[in-house]
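Observations on the model geometry
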Amino acid sequence: MGLKDFSHIGFKNTENTFMARFTLKNIFRLLFPLFAFLFFSPAFGQNKKFVVVLDAGHGGDDGGATGFGGYREKDITLQITQMVGGMIAKNHKDVQIIYTRSSDVFIPLHERAAIANRNKADLFISIHCNANKKTDPFGTESYVMGLHRVEDNMDIAKRENSVIYLEDNYKEVYQNFDPNSIEDLIGLTLYTNKHLDNSIRFAELVENQFKSNASRFSRGVKQAGFLVIRETTMPSVLIETGFITNPEEGMFLSQLYGQEKIAESIYNAFATYKKEVQQVAQVEEEKPVIDKPKVDTNSGSGNYKVQFLSSKTKFPNTSPQMRGLKNQPIEVVQTGGLYKYYYGSASTPQQATELLNKVKKSGFSDAFIVENKAAQATAKGPFTIEIMASKQKYESTDKTFKGYIVRRVKKDGIYSYQFGKFTSYADAQKTLEELKSKGFKNAMIIGN
Ligand SMILES: [Zn+2]
């Protein structure tokens, strides 16, 4: 290749770059209004509209439950759902409302979930009426997906799931799911839902509103396996607004007054929920750096506690989210936009393990033990160090202890080999580090 060729290429390149710039500039000019629109449009970035999907249970050939006086679930759910939507539309211009159905048509369960997923909804609300063979049961229930007490709620999940029989290809679509099989129902609840915290929070607000605003008897927030909320990828709640098989409740639900009260309650819960989640989102945006932990309940005095939950939502200690954990303090520590929940207080690792097992049994399978640093720093001595614990009996000068002269303390058939006595935790800590460096990996500070 000669010099001429190079200069030629150089010229061509310059020309191309110039052409490219010229074209880009023009394209940008042409497209600027579009960019501007996207940028300032509420659908863009942080200003994205809050999307709620309102799902009126049943419809078309699937009438749902039939209640006292012949009222049909599908009609009541459609009425209530439309009312909820109307209230949201009136008061929240920043909310996009999507209905899975707005007339008496049959929509497969998987399609209801798909509608919510396609639209990247922020909340999925499925509205139903409960039914029972007997006429006496009454009250409201709000369901989230989950394993807790699933067997108790099996019947209702079966009933709500069984509508898939009306779908032609239900075997393929639901992978041979059998609504009457207990195993399949339990399997269903194992689909872990990372939005469980928020689902429970919304369900809680709904049930509280039913009590305070609609004077209903709330049967509480419950967990069960519902197909319709299995496949959604956002916080999702299935609301049983009452038993249409109960004469009084059936009457209430079939009348305009009752439907309005129920709709208003769901709407109020929605408004509170939306405010809460958007506040959390705002806090996270403003403070990406983790705050100094702020402890707002009395910290346990032990060396260990169990962290069982981390959530954007602050739940009261009595909420269903605590899954019945009681008898020991629940501590909530706020860091950034997250609340971390700790349970109990243990002074020894053995106690901490017992505590952990208890927490795991309550359903927090991911719970883990943490050391209570704040408690350690202020804990009262004296302290000693357990070099090791063993069923084996050794003399206090045994070579196992590498020259350290230990005390042998027998407890529960196990020998605890201890070293030193310290008035301050910091001193104990120093010696502990020394011992660990000598190979006593399991050494730990214990109260004396
Ligand atoms: Zn239903």
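The structure we're discussing is the one just above.
Residues numbered from 1 in each chain as written. Predicted model: local features only at pLDDT ≥ 70, side-chain atom pairs only at ≥ 80, totals over all residues. Heavy atoms only, no water.

Examining the overall build of the protein chain
Scanning the protein chain from N- to C-terminus turns up 13 helices and 15 strands. Looking at the 448 residues of the protein chain, the share that counts as buried comes to 46%. Taking contacts inside the protein chain between residues at least 6 apart in sequence as the whole, the part at least 24 apart equals 76%. Of the roughly 24,100 Å² that the protein chain leaves accessible, carbon and sulfur atoms contribute 55%. (Helix = DSSP H or I, 4+ residues; strand = E, 2+ residues; numbered from the N terminus. Buried < 20%, exposed > 50% of the residue type's maximum accessible area, 1.4 Å probe, protein only. Contact = heavy atoms within 4.5 Å. Areas by Shrake-Rupley, 256 points an atom, 1.4 Å probe, with all protein chains shown as cover.)

A word on the nonpolar core
As a rule of thumb, soluble globular proteins bury nonpolar side chains together. Counting 37 residues, the largest nonpolar core has Val 52, Ile 80, Ile 125, Phe 202 and Ile 266 as its most contacted members. Mapped by element, the contributors of at least two residues to this core are strand E1 (50–56), helix H2 (73–91), strand E3 (123–130), helix H7 (196–212), strand E6 (236–243), helix H9 (247–254) and helix H10 (256–286). What Ile 266 contacts, discounting residues up to four positions off in sequence, is Ile 80, Val 84, Ile 125, Ile 127, Phe 202, Val 206, Phe 210, Ile 239 and Thr 241. Leu 309, Tyr 339, Val 359 and Ala 367 belong to the second largest nonpolar core, which has 19 residues in total. (Core = buried A, V, L, I, M, F, W, Y, C linked by side-chain atoms within 4.5 Å.)

A word on the sheet that holds E1
Ordered in space as E2-E1-E3-E6-E4-E5, the 6 strands form an open sheet in which the pairing is mixed. Only two strands of the sheet have a single neighbouring strand rather than two, namely strand E2 (95–99) and strand E5 (218–224). Strand-to-strand, the axes of this sheet are offset by a mean angle of 20 degrees, without reference to chain direction. Set on the sheet, helix H3 (residues 109–118) makes contact with E1, E2 and E3; between it and E1 the angle comes to about 170 degrees. (Pairing = 2+ DSSP bridges. Axes fitted to C-alpha atoms, helices over the stretch in contact; angles between N-to-C directions.)

What about the sheet that holds strand E14 (residues 414–422)?
An order of E13-E14-E12-E15 is seen for the 4 strands of this open sheet, with the pairing classed as antiparallel. Of all the strands in the sheet, just strand E13 (407–411) and strand E15 (444–447) have a single pairing partner and so form its edges. For this sheet the average axis-to-axis angle between neighbouring strands, irrespective of direction, equals 45 degrees. Across 6 bridges, the pairing between strand E12 (residues 383–390) and E14 is antiparallel. Opposite Ser 390, over in E14, you have Tyr 415 as the bridge partner.

A word on the packing of aromatic side chains
Applying the stated criterion across every chain yields a total of 11 aromatic pairs. Between the aromatic rings of Phe 50 and Phe 270, the centroid separation amounts to 5.6 Å while the plane-to-plane angle is 80 degrees, which identifies the pairing as edge-to-face. Here the residue Phe 50 occupies a position in strand E1, and Phe 270 occupies one in helix H10, the gap between them amounting to 220 residues. Relative accessible area serves as the criterion here: at 0%, Phe 270 is assigned to the buried category. Grouped by ring-pair contacts, the aromatic residues Tyr 394, Phe 401, Tyr 415 and Tyr 417 constitute a single cluster. If you follow Arg 216 out to its NZ or CZ, it ends over the ring of Phe 252, 3.6 Å from the centre. (Phe/Tyr/Trp six-rings, centres within 6.5 Å; stacked < 30°, edge-to-face > 60°. Lys NZ or Arg CZ within 6 Å of the ring centre and 35° of its normal.)

Considerations on the pairing of E13
Note that E13 and E14 share 5 bridges and pair antiparallel. Considered in E14, the bridge of Lys 410 is made with Tyr 415. From the end of E13 to the start of E14, which pair antiparallel, there are 2 residues, and Asp 412 there has a positive phi angle of about 50 degrees.

Describing the pattern of salt bridges
With the rule as written, the count across this model stands at 12 salt bridges. Here Asp 75 makes a salt bridge to Arg 72, at a shortest N to O gap of 3.1 Å. Of the residues examined, Asp 75 reaches a relative accessible area of 31% and is grouped as partly exposed. In this structure, the salt-bridge partner of Glu 249 is Arg 216, at a minimum N-O distance of 3.4 Å. (Salt bridge = Lys/Arg side-chain N within 4 Å of Asp/Glu carboxyl O.)

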